[in-house]
Amino acid sequence: MPLVELKNVSKRFGKVVASSNINLRIEDGEYITILGPSGCGKTTLIRMIAGILEPSEGQVLIDGKDMIGTPIEERDIGYVFQNIALFPHLNALENVSYGPIVKNLTEGERHNVSNQYLNLVNLLDRMKMFPSDLSGGEQQKVALARTLASGSKLLLLDEPLSALDARVRVDLRYELRRITKNLGLTVLHVTHDQEEAMTVSDRIVLMRRGRIVESDTPEMMYRAPKELFTANFIGETNLLDGVVVSSGIERSLIELRDGSIVEAQPGEFDPGDLVVISVRPENVRATDEGLNSTIRSISFMGTYLRITAEADSEDILGFDVHVARGMDFNVGDTVSLGWVMESALVYPKPPGGIAEAVKLE
Amino acid sequence: MPSVTLLGIVKRYSDVTAANGLNLTVNDGEYLCLLGPTGAGKTTVLRIIAGLTTPDQGRVLFDGRDVTSLDPEERSAVLLSQTYCLFPTMTVADNVLFGPEIREIPEADKEQMLVSLLDMVRLSERANSYPKELSGGMQQRCALARAIATSPDVLLLDEPLRALDARLRIDLRRELKSLARTLGLTVIHVTHDQDEALVMADRIAILRAGKILQVGTPAEVFNEPESPFVANFVGQSNFFTGKLVNSTPTGAEIEDDDGRRVRARATSLPIGSKVVLAVKVGQTHILKREVTPLKGRIERILFEGRVVHVDVDIEGVGRFSSKIPVRRRGRYNVGDEVGIGWNRNKAKIFPYPENGLEDELKVD
């Protein structure tokens, strides 16, 4: 059963360090996403597992066996690319039959296996159609079926949905998880899309500048991120500059730049420490006694409105209100904003500043 | 800045009709998003407005003036295409300031413009880099800055944020919109991403198979869809098919073959007609089994951050989805027996589509 381990893996291209001392263990049957901005090294990482690239240092183990020197075709890995690559002159069924392992079977077996996997992606009724007659989403499903038909228990997905329309992407990500879980596969899925990562994976590995920032379940990454970068990258958040007044086991009190005092989660800070508060827009609400703020813009988001306001402390606060309450808010209005203590997380202020710590590139 | 009007635009290629009688007016200074799935004909519309494609029929007006036969450079409309091209031997700054209009601007103003443009597209630190040293997303932002720098009256954007990382895209949406507003540009922005359109547009035009299905503000298009397709494409919807059995000025009821009866807003459709009800996923609620005819089991619960997505398999009907606040998630587990329902004012009734519901809803 495939269990993937990376031990102290680094990869350099000339002076550029694409991966820096990566340690990662992926359990059998786990669905992992490697998430991060462009250039963070996520594709390099997956390619080292596939055997397309060799690490400069460190070990890649699959099922406990050191894979260094083993070429991709001997690693028993399924690989799905961002760019959908089907044979244009073969129909959907033939494309699935043409997978590297499948094509060595007898004709009868090959037909059965191809049918089975095309059925798995719900495309049996399209088996005679050529790629040019299939939609983008259908083409990617055929490519997935072809890869799955090889029977590999380890599946690597390199931005498999990013060539598709937003709406198709949403439908297909549910399918990806359902299919791979049914087959009990171990999946490594590379993406830059935090929403995609949250909905498909058992665990997210967030990367930045060649390093793993943090790794946890989607829920923990969203609700209790350990790093400021994570708080901002996974979901949207408000970041406020402050100084610790007191910090104990029940709560922290933080003074903002205009002298107002707000509550946040408890922490081990000393009075006077420079900190950053992170509070998500859905947790900020208009209250009677809160931060005095002026509404700058209002965006319609469908079932809710995202309102952006500037507090007297010069911090920008986004908050969400139900559409039905939208009439109560106008650009230029002053509003008092607050949150429940538990939803405000506190981080030490990064030495290079907030902007640098959350920068996406 | 001009308004842009399309009158009866038709464009056929050998086997596809990319524009099938399009009528659209984009107001002076308006930010309009042209939203539709791949292959809807969005890019063709932009190219016709820019003058890069000649329509088979119909006219293009800028401020009421017929420009249909004018060359692209006579129109003061700039198209930022998906396949833009930067000059590889020039730095980011030189690329941005390349346009002929800019060369006549005084040095000091040019410098000022460059600073604000690079700041907007987050490339201030890369002013002296060459295109090959930039990521795909950076290159696209550089091309965007160059397009804006030519100070066009009409800015035509073909999926300007597509190559960007998802997270960066969210940040740049608001900035691009506010920049366009500050400059007073008339913008037509093509996208396949309904969230992007909702956040950015003053009005959205929904395009499908060469036809405009609906034009309206984000709230109108979301709350008052004119077809099941729009109901589903802009914010996902659940559907229930049945016969209209009761209709009063305050509401309507529809019933399916198994006698399940659900409620919706008032409709002018005739009693007895086959109809389909649409209700947004975000306005669909999970209820106790006893209080609703739609009973089923929770088949999937997905954490999405702000909300939790719950799929319920309704016996004999199919899947209904709901979004619930994270704080209420603890109440539900996969396998739970629940019901599904909605506020009748959030459910809209449409005539059952001629070619079936599946065909009507196809987004791909």
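Residues numbered from 1 in each chain as written. Chains lettered and ligands numbered in written order. Predicted model: local features only at pLDDT ≥ 70, side-chain atom pairs only at ≥ 80, totals over all residues. Heavy atoms only, no water.

Draft legend 1. Focus on the overall build of chain B. The helix and strand tally for chain B stands at 10 helices and 20 strands. Taking the principal axes of its C-alpha atoms as reference, chain B extends roughly 75 × 50 × 35 Å. Out of the 364 residues in chain B, the part that is buried amounts to 54%. Of the contacts made within chain B by residues no fewer than 6 positions apart, 65% connect residues no fewer than 24 positions apart. Of the roughly 15,800 Å² of accessible surface on chain B, a fraction of 47% belongs to carbon and sulfur atoms. Put simply, chain B has 47 plus and 49 minus side-chain charges, and the middle of one group is 6 Å from the middle of the other. (Helix = DSSP H or I, 4+ residues; strand = E, 2+ residues; numbered from the N terminus. Buried < 20%, exposed > 50% of the residue type's maximum accessible area, 1.4 Å probe, protein only. Contact = heavy atoms within 4.5 Å. Areas by Shrake-Rupley, 256 points an atom, 1.4 Å probe, with all protein chains shown as cover. Lys, Arg positive; Asp, Glu negative; His and termini not counted. Charge placed at Lys NZ, Arg CZ, Asp CG, Glu CD.)

Draft legend 2. Inspection of the interface of chain A and chain B at higher detail. Residue-level contacts link 43 residues of chain A with 44 residues of chain B. Taken over both partners, the interface formed by chain A and chain B buries close to 3,700 Å², and the fraction arising from carbon and sulfur atoms is 49%. Area buried by chain A at its contact with chain B is led by Arg167(A), Tyr174(A) and Phe300(A), which between them contribute 20% of it. Residues Arg174(B) and Glu236(A) are paired through a salt bridge, measuring 3.6 Å at the closest nitrogen-oxygen approach. Here chain A and chain B share 14 residue pairs in polar contact (both at pLDDT 80 or more) between them. Contributions of two or more residues to the side of chain A that touches chain B are made by helix 4 (136-149), helix 5 (166-183), helix 6 (194-200), helix 7 (218-223), helix 8 (228-233), strand 15 (285-300) and strand 16 (304-311) of chain A. Ranked by the residues each element gives to the side of chain A that touches chain B, the list is headed by helix 5 of chain A, at six residues. (Buried area = accessible area lost by both parts, 1.4 Å probe. Salt bridge = Lys/Arg side-chain N within 4 Å of Asp/Glu carboxyl O. Polar contact = N/O pair within 3.5 Å; in protein donor to acceptor, adjacent residues only side chain to side chain.)

Draft legend 3. Region of the structure containing empty space enclosed by the protein. Residue and element names in this part refer to chain A. Following the criterion strictly, the structure yields one cavity of 30 Å³ or more and no others. Along the walls of the largest cavity sit Val-80, Gln-140, Lys-141, Leu-144, Pro-160, Leu-161, Leu-172, Glu-175, Leu-176 and Ile-179, which together make up its complete lining. Listing elements by their share of the lining of the largest cavity, those giving two or more residues are helix 4 and helix 5. (1 Å grid on protein atoms, 1.4 Å probe; cavity = no way out; pocket = protein on both sides within 12 Å on 5 of 7 lines; lining within 4 Å. Points joined across faces, edges and corners; volume = space filled by probe spheres on them.)

Draft legend 4. Seen up close, unusual backbone geometry. Residue Asp63(A) is not a glycine yet carries a positive backbone phi of 55°. Residue classification places Asp63(A) among the partly exposed positions, given a relative accessible area of 39%.

Draft legend 5. How the structure looks around the packing of aromatic side chains. Within the structure shown, the criterion is met by nine aromatic pairs over all chains. Here Phe87(A) and Tyr98(A) contribute two aromatic rings whose centre-to-centre distance is 5.0 Å and whose plane-to-plane angle is 80°, an arrangement assigned as edge-to-face. On the criterion of sequence distance, the pair formed by Phe87(A) in the loop between strand 6 (77-80) and helix 2 (92-97) and Tyr98(A) in the loop between helix 2 and helix 3 (107-120) is long-range, its members being 11 residues apart. Ring geometry for Phe300(A) against Phe222(B): centres 5.6 Å apart, planes inclined by 80°, an arrangement best described as edge-to-face. Highlighted residues: Phe300(A) in strand 15 and Phe222(B) in helix 8 (residues 218-223), drawn from two different chains. Each member of the pair, Phe300(A) as well as Phe222(B), carries the same accessibility label: buried. One cation-aromatic arrangement involves Lys274(B) over Tyr352(B); the distance from NZ or CZ to the ring centre is 4.0 Å. The ring of Tyr304(A) has Arg306(B) lying over it, and the distance from NZ or CZ to the ring centre is 3.6 Å. (Phe/Tyr/Trp six-rings, centres within 6.5 Å; stacked < 30°, edge-to-face > 60°. Lys NZ or Arg CZ within 6 Å of the ring centre and 35° of its normal.)

Draft legend 6. Broad picture of the sheet that holds strand 5 (residues 65-66) of chain A. Residues and elements named next belong to chain A. Taken together, the four strands give an open sheet; going across it, the order is 2-1-4-5, and neighbouring strands pair in antiparallel fashion. Here the strands that pair on one side only, and so sit at the sheet edges, are strand 2 (16-26) and strand 5. In this sheet, strand 5 lies alongside strand 4 (residues 57-62) in antiparallel orientation, the contact comprising two bridges. Across the sheet, residue Ile-62 finds its bridge partner in strand 5, namely Lys-65. (Pairing = 2+ DSSP bridges.)

Draft legend 7. Looking closely at the confidence of the model for chain B. Residues and elements named next belong to chain B. Scored by pLDDT, chain B comes out at a mean of 92, with 99% of its residues at no less than 70. When mean pLDDT is taken per element in chain B, strand 14 (residues 274-280) scores highest with 98 and helix 3 (residues 100-103) scores lowest with 67. The complex model carries a pTM of 0.90, and its ipTM stands at 0.85. (pLDDT = per-residue confidence, 0-100.)

Draft legend 8. Quick look at the sheet that holds strand 4 (residues 57-62) of chain B. Residue and element names in this part refer to chain B. Reading across from one edge, 2-1-4-5 is the order of the four strands in this open sheet, with antiparallel pairing throughout. Both edges of this open sheet fall to strand 2 (17-26) and strand 5 (65-66), since each of them pairs with a single strand only. Sheet analysis places strand 1 (residues 4-12) next to strand 2, joined by seven bridges and oriented antiparallel. In the strand pairing of strand 2, Val-4 is matched with Val-26. Running over the sheet, helix 1 (residues 42-50) touches strand 1, strand 2 and strand 4 and is turned about 120° from strand 1. (Axes fitted to C-alpha atoms, helices over the stretch in contact; angles between N-to-C directions.)

Draft legend 9. Examining the pairing of strand 8 (residues 186-191) of chain B more closely. All names here are of chain B. Among the six residues of strand 8, six are classified as buried, and the element is accordingly described as predominantly covered. Where strand 3 (residues 31-35) and strand 8 come together, five bridges link them in parallel fashion. Bridging from a neighbouring strand, Cys-33 pairs with His-189 of strand 8. Handedness of the crossover joining strand 7 (residues 154-158) and strand 8 through helix 6 (residues 166-183): right-handed. (Right-handed = clockwise from strand over helix to strand, strands pointing away.)

Draft legend 10. Fine view of the side chain of Thr230(A). All names here are of chain A. Among the secondary structure elements, Thr-230 is positioned in helix 8. According to the relative accessible area criterion, Thr-230 is buried, its value standing at 0%. In this view, Thr-230 contacts Leu-206, Val-213, Glu-214, Met-221 and Pro-225; residues no more than four positions away in its chain are not counted.

Draft legend 11. Local environment of the pattern of salt bridges. As enumerated under the stated definition, the model contains 49 salt bridges over all chains in all. Across the salt bridge formed by Glu30(A) and Arg203(A), the nearest N and O atoms sit 2.8 Å from each other. Of this pair, Glu30(A) sits in the loop between strand 2 and strand 3 (31-35) while Arg203(A) sits in strand 9 (residues 203-208), and the two are 173 residues apart along the sequence. By relative accessible area, which is 18% here, Arg203(A) ends up buried. For the salt bridge of Glu315(B) with Arg289(B), the shortest nitrogen-to-oxygen distance reads 3.4 Å. On the criterion of sequence distance, the pair formed by Glu315(B) in the loop between strand 17 (307-314) and strand 18 (318-325) and Arg289(B) in the loop between strand 15 (285-287) and strand 16 (295-303) is long-range, its members being 26 residues apart. By relative accessible area, which is 41% here, Glu315(B) ends up partly exposed.

Draft legend 12. Representation of the environment of Phe222(B) within the structure. Residue Phe222(B) is classed as buried on the basis of its relative accessible area of 5%. With 174 residues separating them in the primary sequence, Phe222(B) and Ile48(B) have C-alpha atoms 28 Å apart. Excluding residues within four positions of it along the chain, Phe222(B) makes contact with Phe300(A), Gly302(A), Thr303(A), Leu198(B), Val234(B), Gly235(B), Lys280(B) and Gln283(B).

Draft legend 13. Quick peek at the pairing of strand 17 of chain B. All names here are of chain B. With seven of eight residues buried, strand 17 is to be regarded as a mostly interior element. In the sheet, strand 16 pairs with strand 17 via seven bridges, with the strands oriented antiparallel. Residue pairing for strand 17: Gly-296 is matched across the bridge by Ile-314. Adjacent in sequence and paired antiparallel, strand 16 and strand 17 are bridged by three residues, among which Gly-305 carries a positive phi angle near 105°.

Draft legend 14. View of helix 4 of chain A. Residues and elements named next belong to chain A. If you check helix 4, its first and last C-alpha atoms are 20 Å apart, about what 14 residues at 1.5 Å a residue would give, namely 20 Å. With 12 of 14 residues buried, helix 4 lies mostly within the body of the structure. Of the residues making up helix 4, those classed as buried are Gly-137, Glu-138, Gln-140, Lys-141, Val-142, Ala-143, Leu-144, Ala-145, Arg-146, Thr-147, Leu-148 and Ala-149. Of the surrounding secondary structure, the elements contacted by the buried residues of helix 4 are strand 6, helix 2, helix 3, strand 7 (154-158) and helix 5. In the stretch just after helix 4, Gly-151 is the one whose phi turns positive, near 80°. (Expected span 1.5 Å × (residues − 1).)

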